[in-house]
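# Fold and contact review
The residues making up each chain are set out below.
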Amino acid sequence: RVVFANQRLLDLWSKPAEAAIGRSLRELDYPPDVEQVLLAGIEHVLRTGTTHHSVTHYRSPAGLDGWYENLLAPVHDAAGRIVWVAGSSRDVTARQVAEQQLAAQRRI
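## Re the overall build of the chain
Helix and strand counts for the chain stand at four helices and three strands. Beginning at the N terminus, the succession of helices and strands in the chain can be written as α-α-α-β-β-β-α. Here the C-alpha coordinates of the chain stretch approximately 55 × 30 × 20 Å along the principal axes. For the chain, restricting intrachain contacts to residue pairs at least 6 apart in sequence, the fraction spanning at least 24 positions comes to 32%. Of the roughly 7300 Å² that the chain leaves accessible, carbon and sulfur atoms contribute 54%. When the 12 basic and 12 acidic side-chain charges of the chain are each reduced to a single mean position, those positions are 4 Å apart.

Listed below in structure tokens is the structure:
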């Protein structure tokens, strides 16, 4: 469940904070494939205590279409227990497109 989202993420979701906080990825209308990748990443963090990295394609309800690099990391309490999983995403569409173009050129 989402406990905080910055304005850029809220804009991507086309939702005000009060409509996003407390919601699951499914309730935020993530496509099933993206939801699966992110949930697997959260499970990885909880199981291993290590950071998880992924890149996913996402089309937002607002129609924004792009590739996003996702980092998920554990947040510990004073006793060392994982109490949250913090996430960060950034738009890497330009990089993905450039990498795809380069790969296509190498195949020629």
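There is more to say, and it comes next.
## Section: the packing of aromatic side chains
Taken as a whole and judged by the stated rule, the model has three aromatic pairs. Judged by centre distance (6.3 Å) and plane angle (80°), the rings of W13 and Y30 are edge-to-face. Pair noted here: W13 is in helix α1 (residues 7-13) and Y30 is in the loop between α2 (17-20) and α3 (32-48), with a separation of 17 residues, a long-range link. Following the ring pairs from residue to residue traces out a cluster consisting of W13, Y30, Y58 and Y68.

## Remarks on the pattern of salt bridges
For the coordinates displayed, the defined rule picks out eight salt bridges. Here K15 and D29 are joined by a salt bridge, their closest N and O atoms 4.0 Å apart. Of the two residues, K15 sits in the loop between α1 and α2 while D29 sits in the loop between α2 and α3, which places them 14 residues apart along the sequence. The structure contains a network of salt bridges with shared partners spanning E69, R90, R95 and E99.

Cut-offs applied
Each residue is numbered by its place in its chain's sequence as written, counting from 1. Local features in a predicted model are, by the rule used here, given only for residues with pLDDT of at least 70; side-chain atom pairs are given and counted only at 80 or more, and totals for whole chains, interfaces and linings are based on all residues. Side-chain metrics in this entry use all non-hydrogen atoms of the structure; hydrogen atoms and water are not considered. The way it works is that DSSP assigns letters per residue, a run of H or I at least four long becomes a helix, a run of E at least two long becomes a strand, and they are numbered from the N terminus. Any two residues whose heavy atoms approach within 4.5 Å at even a single point are treated as in contact. Each accessible area is a Shrake-Rupley estimate made with a 1.4 Å probe; only the visible protein chains count as cover when residues are assessed. Counting rule applied: Lys, Arg positive; Asp, Glu negative; His and chain ends not counted. Taken as the charge centre is NZ of Lys, CZ of Arg, CG of Asp or CD of Glu, depending on the residue. Classification of ring pairs uses Phe, Tyr and Trp, with its six-membered ring standing for Trp, and accepts pairs whose centres are within 6.5 Å; under 30 degrees between planes counts as stacked, over 60 as edge-to-face, and the remaining range as tilted. A side-chain nitrogen of Lys or Arg and a carboxyl oxygen of Asp or Glu constitute a salt bridge if their distance falls within 4 Å.

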